[in-house]
Amino acid sequence: MLPYSSIWLVGIAAVIYGLAYFTKRRNESKDLPQPRGPDGRSFIWGNMPVAGECMKLFPPTTHMHNWPHYIAKRWKTGPLFYLDMWPLGPRFLFMSDPELISQYITTTQSLPKSSLETDFLDRFLGKLNMVSSEGSHWKRLRSMFNPGFSASHLMTMVPYIVDSSMVFLDILNKKAETGELFELEDVCTKLTIDIIGKVVLDSDFNSQKATHPIVDTFRTRIGLMPDVTSIYPWAGLDLFRPYRLWKNERKLNGLIAKELERKIQAREASKTASSGSAKNRKKSVVDLALDGYEKELSESGKAGGAKVMVDARTRADIVDSMKTFIFAGHDTTASTLSYIYYMLHLLPSVYNKFCKELDTVFGVGTSPAAIAEMIKKDHHIVNKLEYGNAIIKEALRMFPPASTLRHIPAASDPSKIVFITDPKSGRKFPISGWHVWPAVHFVSRNEEFFPDPHHFIPERFIQAETPFPEAKLFTPAGKEAWRPFERGPRNCIGQELAMIESRVILALAVRGFDFVSEIDGVKTETWTPIDTVSEFEDGRPGTERQTIEGHRCYQILRAAAKPKGGMPGRLSKRKVS
Ligand code: HEM
């Protein structure tokens, strides 16, 4: 037994060590750009007072990517700042300078993904998912699936996208007839899921009209995941969650594996088939991945006879990738489409200008059915929708559905700390040990590149029409300023698909509709653009606050950044202009 005096000595030593460690950690961020002042930083709490203010002011379910722009303005931090919430929360480094981000975080030097992102995705999609994979496994997955997501290959999928969009158009017509209250995002999600099923797996999910086990099980899984809107690790604790998630994963993996097996059998059958339809079938993303796999096997001399055996590891990679594509590809595009309908009601001038472009490209008075045929004949015709494309880009700028989070571990040896250098000031900033979050929402509000960032101005992306010729967007510095799909080797593999499907849907299913968002019985008929910092000037707590930047359907975090409540509203027929 230790004598009391020794216990005291050990206790005192532990307290001294603890205090020294705490002081050292806290001082690491002392001189870095960050919110300052009594409401910005304290020795004990670091920048927790800032998080406290944001949690109080922003409506409760707000996506946290709304914070950095507000913080930068409120505490005048500039485009790069640290938010040290240790030991109660993460240590973030926020940035909105696209040049710094591309050079040090995502492109020239592509940092590994942060555990704040990958822990969630590994649990949700499986450990082999592409978004959180690193190194040789990520390279293998990316090169396996790149061919299927190339622009030239995706163009061959346009007829499928058109067919799904015509079903969607039908549904919108019915909603406009009844004038019922519905969640626009849900309808858009079913459309994007159908498109992904077809493009990726050549499966008819048909979820716009019926239920499909894969889609149902997948959506159940989304509901089972913890709500990650809180920065506290204990938020959303549920003892039965792991079991429910495990059960759901088994079911989902089994369903996708069955679909994959069907695909493999169909491929084998088509090799010997004489019928043209089997041979001429359009290839899905998985088909192209399996083509690559077969080629790899035959080049390495491992192909065993005429029948190709897909090994268990490759099957597991494909199953997790399918979940990844469904996840990454449906919510994101559905959210973007929902915001486009929402903005086109609020800005009739944008709607009218787009209708004129439709007339120019497809001819005055051309019906959606005729436009559908035109697109099927000439897939590239949708690329002529320059203004339509700018509308999609502006929606993605204002309401970005996703972004990236990167991290390299802290270094105890000061000589091993990694720094980035601001070319303007020459100042060095440490990145080791910080979760670097180049939140697209924050970058998209950088006024050097996007003046009047709270206004929806598609023309800003068309050089000949921009009202901001002095903005840096069209200079070399602005090349990577628009980054909703991120940049560099880890950029979005599905970005061409998202843009092509959005253009097709705009061409077919926007004209003639008027969508009015309606939350808790309040219709959004008009909108006054406003900066969050001005909007929150009154300091009224967020539980009472209903809008962000003037929008009642602000973005919340539900796996991706999605419109609040699924964008409820009513559709009506609009006078065709
Ligand atoms: C508007 C639609 C979309 C947006 C805004 C978007 C955005 C993004 C962003 C920001 C990333 C980087 C994530 C990170 O670094 O953690 C990403 C990655 C990814 N996206 Fe998308 N995405 C969209 C649509 C799609 C579609 C349609 C698919 C596929 C069907 C897809 C599949 C993926 C995959 C697999 C990755 C990981 C790529 C890699 O790590 O190599 N996305 N996306």
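Computed from a predicted model, the values in this text were never measured in an experiment.

**As for the coordination of the iron atom of the ligand**
- Just one protein atom coordinates the iron atom of the ligand, and that atom is Cys492 (SG), at 2.3 Å.
- Within the fold, Cys492 resides in the loop between α18 (440-443) and α19 (495-509).

**A word on a nonpolar patch on the surface**
- A contiguous nonpolar patch, built from Tyr4, Ile7, Trp8, Ile12 and Ile16 and spanning about 640 Å² of accessible area, is present on the exposed surface.
- Checked against the element boundaries, Trp8 lands in helix α1 (residues 4-28).

**Observations concerning the site of the ligand**
- By nearness alone, 28 residues border the ligand, and Glu117, Trp138, Arg142, Thr404 and Cys492 come closest of all.
- In this structure, Thr404 approaches the ligand through a side-chain N or O atom, which is 2.6 Å from an oxygen atom.
- Side-chain polar atom of Arg490 to an oxygen atom of the ligand: 3.0 Å apart, as the coordinates give it.
- Secondary-structure elements contributing two or more residues to the shell around the ligand are α6 (135-145), α14 (312-346) and α19.
- Of the residues forming the shell around the ligand, the biggest block, 7 residues, is contributed by α14.
- Within the shell around the ligand, the residues separate by chemical class into 15 nonpolar, 9 polar and 4 charged.

**Overview of the environment of Asp538**
- Here Asp538 shows up in the loop between α20 (532-535) and β10 (555-558).
- Put simply, Asp538 and Leu57 are 481 residues apart on the chain and 9.7 Å apart in space, counted from C-alpha to C-alpha.
- Polar contacts involving the side chain of Asp538 include one to the main-chain amide nitrogen of Arg540, which spans 3.1 Å.
- Of the polar contacts made by the side chain of Asp538, one reaches the side chain of Arg545; its length is 3.1 Å.

**Brief notes about the pairing of strand β11 (residues 560-563)**
- Where β10 and β11 come together, 4 bridges link them in antiparallel fashion. Its bridge partner being in β11, Arg558 is matched across the sheet by Ala560.
- With antiparallel pairing between neighbouring strands as the criterion, β10 and β11 make up a hairpin whose turn holds 1 residue, including Ala559 at a positive phi of roughly 70°.

**Here's the deal with the sheet that holds strand β9 (residues 522-523)**
- Across the sheet, which stays open at both edges, the 4 strands sit in the order β3-β12-β8-β9 with antiparallel pairing between neighbours. What marks the edges here is a single partner per strand, and that holds for β3 (181-183) and β9.
- Two elements, strand β8 (residues 513-519) and β9, share 2 bridges in a ladder whose sense is antiparallel. Counted as the bridge partner of Ile519 is Val522 from β9.

**Here's the deal with the nonpolar core**
- Counting 118 residues, the largest nonpolar core has Phe145 and Ile375 as the members making the most contacts within it.
- With 15 residues, the single largest contributor to this core is α14.
- Ranked by size, the runner-up nonpolar core spans 25 residues in total, among them Leu57, Phe92, Tyr554 and Ile556.

**Observations regarding the packing of aromatic side chains**
- Applying the stated criterion across every chain, the model contains 27 aromatic pairs.
- Judged by centre distance (5.6 Å) and plane angle (85°), the rings of Phe58 and Tyr70 are edge-to-face. Taken together, the residues Phe58 in the loop between α2 (48-57) and α3 (67-74) and Tyr70 in helix α3 connect sequence positions 12 residues apart. Neither Phe58 nor Tyr70 differs from the other in exposure class; each is buried.
- With 5.5 Å between their ring centres and 35° between their planes, Phe94 and Trp437 make a pair best called tilted. Here Phe94, found in strand β2 (residues 91-95), pairs with Trp437, found in strand β7 (residues 435-437); they are 343 residues apart in sequence, far enough to count as distant. Just as Phe94 is buried, Trp437 falls in that class too.
- One aromatic cluster is present, built from ring pairs that chain together Tyr17, Tyr21, Phe22, Phe43 and Trp86.
- Lying over the aromatic face of Trp75, Arg74 brings its terminal NZ or CZ to 4.0 Å of the ring centre.

**Brief notes about the pattern of salt bridges**
- Counted according to the given criterion, the structure contains 48 salt bridges.
- Where Lys175 meets Glu180, a salt bridge forms, and the shortest distance between an N and an O atom there is 3.3 Å.
- Classification of Glu180 by relative accessible area gives partly exposed; the value is 32%.
- As a salt-bridge pair, Lys424 and Glu448 come within 3.5 Å of each other at their nearest N and O atoms. Linking Lys424 in the loop between β5 (419-421) and β6 (428-430) with Glu448 in the loop between α18 and α19, this pair joins segments that are 24 residues apart in sequence.
- Because the salt bridges share partners, they merge into one network encompassing Lys198, Asp202, Asp204, Lys263, Arg267, Lys283, Asp287, Asp291 and Glu294.

**Section: the sheet that holds strand β4 (residues 406-407)**
- A sheet is described by the order of its strands in space; here 4 strands give the open sequence β1-β2-β7-β4, paired in mixed fashion. A strand with exactly one partner marks an edge of an open sheet, and here the two such strands are β1 (80-84) and β4.
- Here 5 bridges tie β1 to β2, and the two strands are oriented antiparallel to one another. When the bridges of β2 are listed, Leu83 appears paired with Phe92.

**Observations concerning the UniProt feature "binding site: heme" (unreviewed entry) in the chain**
- Under the local residue numbering, the UniProt record ascribes the feature "binding site: heme" (unreviewed entry) to Cys492.
- When residues no more than four places from it in sequence are discounted, the contact partners of Cys492 are Arg142 and Phe485.

**Points about the environment of Ala560**
- Along the chain, the position of Ala560 falls in strand β11.
- Sequence separation of Ala560 and Ala402 is 158 residues, and the distance between their C-alpha atoms is 6.0 Å.

**Here's the deal with helix α10 (residues 213-224)**
- Over its 12 residues, α10 extends 16 Å from the first C-alpha to the last, a length consistent with the 16 Å expected when each residue adds 1.5 Å.
- Listed in full, the buried residues belonging to α10 are Ile214, Val215, Thr217, Phe218, Arg221, Ile222 and Leu224.
- Buried residues in α10 make contact with α5 (115-125), α9 (184-201), α11 (241-272), α14 and β10.

Rules used in this analysis
- Residues numbered from 1 in each chain as written.
- Predicted model: local features only at pLDDT ≥ 70, side-chain atom pairs only at ≥ 80, totals over all residues.
- Heavy atoms only, no water.
- Donors = N, O, S within 2.8 Å, 3.2 Å for Na, K, Ca; no water.
- Helix = DSSP H or I, 4+ residues; strand = E, 2+ residues; numbered from the N terminus.
- Patch = residues over 30% accessible without salt bridge, like charges linked within 9 Å, V, L, I, M, F, W, Y side chains within 5 Å.
- Areas by Shrake-Rupley, 256 points an atom, 1.4 Å probe, with all protein chains shown as cover.
- Salt bridge = Lys/Arg side-chain N within 4 Å of Asp/Glu carboxyl O.
- Near = heavy atom within 4 Å.
- Polar contact = N/O pair within 3.5 Å; in protein donor to acceptor, adjacent residues only side chain to side chain.
- Nonpolar A, V, L, I, M, F, W, Y, C, P; charged D, E, K, R; others polar.
- Pairing = 2+ DSSP bridges.
- Core = buried A, V, L, I, M, F, W, Y, C linked by side-chain atoms within 4.5 Å.
- Buried < 20%, exposed > 50% of the residue type's maximum accessible area, 1.4 Å probe, protein only.
- Phe/Tyr/Trp six-rings, centres within 6.5 Å; stacked < 30°, edge-to-face > 60°.
- Lys NZ or Arg CZ within 6 Å of the ring centre and 35° of its normal.
- UniProt positions renumbered as here; feature names shortened; annotations may be inferred.
- Contact = heavy atoms within 4.5 Å.
- Expected span 1.5 Å × (residues − 1).

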